[in-house]
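Survey of secondary and tertiary structure
If you want the building blocks of each chain, they are given just below.
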Amino acid sequence: MATNPLEILKKYWGFNSFKDAQKEVISSVVNGNDTVALLPTGGGKSICFQVPTLLREGVCVIISPLIALMNDQVKNLQEKGIKAYALTSKLSEGEIVTIFDNLQFGNYQFLYLSPEKLQSDFIQTKLKQINIQLIAIDEAHCISEWGHDFRPSYLNINILKETHPKVPFIALTATATSRVLTDIIETLQLNKPKIIKKSFYRSNLAYQIYDIEDKLYKVEQMLNKVKENTIIYTNTRRNTVEISNQLNSLGFASNFYHGGMKMDDKLDAYNNWMNETKPIIVATNAFGMGIDKPNVRLVIHMNLPQSIENYIQEAGRAGRDGKKAFSVVLKNKTDIFNTKTITKKTLATVPIVKKIYFALNQFFRISYGELPIETFEFNISEFCKKYQFPITITYNTLKVLERENILLLDENFNRKSSVKFITSKENIFEYCNKNTSKERLIKFLLRTYGGIFESAKSININFISNSLGITQNTLISMLKTINKDGIINLYIANSNTQILFLTPREDNRTINLIASNIIKQNDLKLQKITDLISFIENDKICRNKQLLSYFDEIYKEECGICDVCISKKKSLKTINLNELSSLIIQLLKANNELSSKEIVKLLSSEESEVLFCLQILLEKNILGVTSQNKYIIN
Ligand code: ADP
Ligand code: MG
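Residues numbered from 1 in each chain as written. Chains lettered and ligands numbered in written order. Predicted model: local features only at pLDDT ≥ 70, side-chain atom pairs only at ≥ 80, totals over all residues. Heavy atoms only, no water.

Along the backbone of the protein there are 26 helices and 21 strands. Along the first, second and third principal axes, the C-alpha atoms of the protein reach 100 × 75 × 50 Å. The burial tally for the protein puts 48% of its 634 residues in the buried class. Sequence-distant contacts in the protein: of pairs separated by 6 or more residues, those separated by 24 or more amount to 73%. Summed over its atoms, the accessible surface of the protein is roughly 31,900 Å², and 51% of this surface lies on carbon and sulfur atoms. (Helix = DSSP H or I, 4+ residues; strand = E, 2+ residues; numbered from the N terminus. Buried < 20%, exposed > 50% of the residue type's maximum accessible area, 1.4 Å probe, protein only. Contact = heavy atoms within 4.5 Å. Areas by Shrake-Rupley, 256 points an atom, 1.4 Å probe, with all protein chains shown as cover.)

What follows is the structure, encoded as structure tokens:
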């Protein structure tokens, strides 16, 4: 068995050394301290609890907010031959018992848990029966209302400190304002924690913000210069497709990526980008979690990010290899105005939440005081159409209700439905004659989707039902009949969301209980936008300085490579040139004629600067040159 952290690192990860911050964190953990690790994204936080665990007997319990993140980490560990579980899906008590047996008696050492799972009495009991050596809270900023991703369920993690008072805790996050830090320490009741904070300063990353109308043209110019791995963020799914198409037609090989794509297409886009056959990816902020490519040279934001926290994470995907990289935001007056007004307009305010919550209960025919046990299928566009609610506000309201544990959402991202015709044109013709009610739909499909005999074509249920003036349900049942009759092959994607209610319906009373939270969260959302906008608009202070001071870090020097520093340097240069010119003129007045070498010597300036200056003075006809190559005043 390995006896020191470095051996473990080499053996399982194949890395030669720890980063300095990792060393500090690991030694604090090994010494049994409660620890808070504030390291930037990509700083290697996982290793900080994984390596110490492998040094000793006993289980490490990790609380993590996202199923995808947990599965990813478990997969990574398993590939190294390290045994780990993630309690994610619905498991029977029998299955849970087996898992805990393996944790107790088998050589399983890692258990990933969501904070929701932690609330289960059964799991709490089982946790008391195993030997836990370390408790890790990943993405610990979720505990704080001041973080950008607050989850109320994280507030209940402190139950672990009560049930396991002797076990050391490690909290990890990349978000590090002092408010968030205080919340983490207080909520988790950490005991004299060691706080290890690595500076968020990235000396190789040039933050540049440009005010620009023709954004695509600017992108083209930058891509011509950079020609390497690039991420372009934009705000809507449709924009990702459009911009990617435009870039492809300009000869830049790109893919698009957004949350609504089929898994296979996402994977293709991701792989093409990773292996650099298409080194440009145009994406919504759905592209990010777990992206760890070292040689990204350029990240472009075509629209404003949602907060400074989001910006620093997205921009921070550039230049992880330590070589020079650029993070560019393209903005204009309209963006700033839109971002402000859209954020305000789409806030789920208390009265709106009340109205939509009431409608939801009606929609599912839930009676007052009832807590239904079944999960409901929910189609947000149908619901919004019926009650005339705007989609974004409704979506934001659902998110609020989820955050406040009123209901649970399970989103099946819009996979595309598809159709392929599998019989001859003659048969279709005959079928239409016999089934006249289907004729219009069949003709519409044939007219709209070319190549539908050769391969399955993605169809847009919403678009077809609107075009034909029928409901989505009618459309789907018609398609199902045609499918059954052997005319088409049909795949209907389930675009619905599943909703499970967690508290009984009490209309306004339910919402009044959470009203102050809603107000606080909305204020915070607006505050974050305001902070972001003042950062974007402040072109007087070095970008790095601004970002660091947002994270309560003091940084005295200027980075020298952001847009602010560069424009300062430029203006400095013009001043110096003017000074140098007048010095040269004074010298020549006193000496009649001098060679460039003599001027350089007398002024003890840089030769290149003097030559540059002389050139300008010659061009302006202020100076002339003699046949001996000496400079004189004209
Ligand atoms: P974070 O959670 O801080 O964003 P991760 O734990 O996901 O970061 O690690 C980011 C990447 O850095 C991973 O690919 C990891 O393998 C790598 N990494 C971590 N520590 C080291 C190290 N000491 N040397 C080289 N690579 C490392
Ligand atoms: Mg992480």
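Neighbouring residues of ligand 1: 14 residues in total, closest Gln22, Gly42, Lys45, Ser46 and Asp292. Gly43 is positioned with one of its backbone polar atoms (N or O) 3.3 Å from an oxygen atom of ligand 1. Notes on ligand 1: free accessible area 570 Å², of which the protein chains cover 72%. The residue makeup of the shell around ligand 1, split by class, is 4 nonpolar, 7 polar and 3 charged. (Near = heavy atom within 4 Å. Polar contact = N/O pair within 3.5 Å; in protein donor to acceptor, adjacent residues only side chain to side chain. Nonpolar A, V, L, I, M, F, W, Y, C, P; charged D, E, K, R; others polar.)

Where helix α2 (residues 20-30) contacts helix α3 (residues 46-55), the two axes come as close as 9 Å, and the packing angle between them is 45°. It follows from the interaxial angle that α2 and α3 lie oblique. Once α2 is placed against α3, the crossing between them reads as right-handed. Between α2, through Gln22, Val25, Ile26, Val29 and Val30, and α3, the contact on the second element is made entirely by Ile47, Cys48, Val51, Pro52 and Leu55. A per-class count over the contact of α2 with α3 returns 9 nonpolar, 1 polar and no charged. (Axes fitted to C-alpha atoms, helices over the stretch in contact; angles between N-to-C directions. Parallel < 35°, antiparallel > 145°, perpendicular 65-115°, else oblique. Left-handed = near helix turned anticlockwise from the far one by under 90°.)

Turning next to unusual backbone geometry. Within the chain, Lys227 stands out as a residue other than glycine whose phi angle is a positive 50°. With respect to the element layout, Lys227 can be found in the loop between α10 (215-226) and β9 (230-233). With a relative accessible area of 64%, Lys227 lands in the exposed category. Residue Gln388 is not a glycine yet carries a positive backbone phi of 60°. Following the sequence through the fold, Gln388 ends up in the loop between α16 (380-387) and α17 (391-403).

We now examine the domain arrangement of the protein. Per the domain assignment, the segments making up the protein are domain 1 (5-197), domain 2 (205-331), domain 3 (341-413 + 497-513), domain 4 (417-491) and domain 5 (563-633). Here the C-alpha centre of domain 4 lies 51 Å away from the C-alpha centre of domain 1. (Domains from an automatic or database assignment.)

Further remarks concern the sheet that holds strand β12 (residues 298-301). Paired through backbone hydrogen bonds, the strands of a sheet run either parallel or antiparallel to each other. The 6 strands are arranged β8-β13-β12-β9-β11-β10 in an open sheet whose pairing can be described as parallel. At either end of the open sheet lies a strand with only one pairing partner, and these are β8 (205-211) and β10 (254-257). Adjacent strand axes in the sheet meet at a mean angle of 15°, parallel and antiparallel pairs treated alike. Where β12 and strand β13 (residues 325-331) come together, 4 bridges link them in parallel fashion. Within β13, the residue paired with Val299 across the bridge is Ser327. In this fold α10 packs onto β8, β9, β11 (280-283), β12 and β13, with an angle of close to 170° to the strand it touches most, β13. (Pairing = 2+ DSSP bridges.)

With that settled, the discussion passes to the sheet that holds strand β5 (residues 132-137). Strand order in the open sheet formed by 7 strands is β3-β4-β2-β5-β6-β1-β7, with parallel pairing between adjacent strands. Each having just a single partner strand, β3 (84-87) and β7 (194-197) make up the two edges of the open sheet. Across this sheet, the average inter-strand angle for adjacent strands is 15°, counted without regard to direction. Examined bridge by bridge, strand β1 (residues 35-38) and β7 share 4 bridges and lie parallel to one another. By the bridge assignment, Leu38 is partnered in β7 with Lys197.

Bringing helix α9 (residues 178-187) into the picture now. All buried positions along α9 are accounted for by Val180, Leu181, Ile184 and Thr187. When α9 is viewed along its axis, its buried side chains cluster within an angular range of 145° and face the same direction. Looking at the residues trailing α9, positive phi occurs at Gln189, about 50°. (Arc of directions from axis to C-beta.)

Among the residues of helix α20 (residues 461-468), those classed as buried are Ile461, Ile464, Ser465 and Leu468. End-on view of α20: buried residues confined to an arc of 95°, all on one side of the axis. At the C-terminal side of α20, Gly469 shows a positive phi close to 65°.

Turning to the pairing of β13, a few remarks are in order. By the criterion of burial, β13 is predominantly enclosed, with 6 of the 7 residues buried. The pairing of β8 with β13 spans 7 bridges and is parallel. Its bridge partner lying in β13, Gln208 is registered against Val328. In this fold, the crossover linking β12 to β13 by way of helix α13 (residues 308-315) has right-handed handedness. (Right-handed = clockwise from strand over helix to strand, strands pointing away.)

The next subject is the nonpolar core. As a rule of thumb, soluble globular proteins bury nonpolar side chains together. Core analysis: the biggest nonpolar cluster contains 39 residues, and Leu111, Leu127 and Ile137 have the highest contact counts within it. Sort the elements by how many residues they give to this core and helix α5 (residues 93-104) lands first, with 4 residues. Apart from the residues within four sequence positions on either side, Ile137 is in contact with Ile63, Tyr154, Ile157, Phe169, Ile170, Ala171, Leu172 and Leu188. The next biggest cluster of nonpolar side chains, apart from the first, holds 32 residues, and it includes Ile231, Met261, Val296 and Tyr311. (Core = buried A, V, L, I, M, F, W, Y, C linked by side-chain atoms within 4.5 Å.)

Bringing the pattern of salt bridges into the picture now. Scanning the model with the defined rule gives 18 salt bridges in all. Of the charged contacts in the structure, one is a salt bridge between Lys331 and Asp211, with a shortest N-O distance of 3.5 Å. Remark: Asp211 occurs in strand β8 and Lys331 occurs in strand β13; sequence separation between them is 120 residues. Judged by relative accessible area, Lys331 falls into the buried class, the value being 12%. Each of the salt bridges in this network shares a partner with another, and the network as a whole consists of Lys545, Glu558 and Lys568. (Salt bridge = Lys/Arg side-chain N within 4 Å of Asp/Glu carboxyl O.)

This brings us to the confidence of the model for the protein. Here the protein averages 89 in pLDDT, and 97% of its residues register 70 or above. Put simply, strand β15 (residues 407-411) is where the protein has its lowest mean pLDDT, 75, and β5 is where it has its highest, 98. (pLDDT = per-residue confidence, 0-100.)

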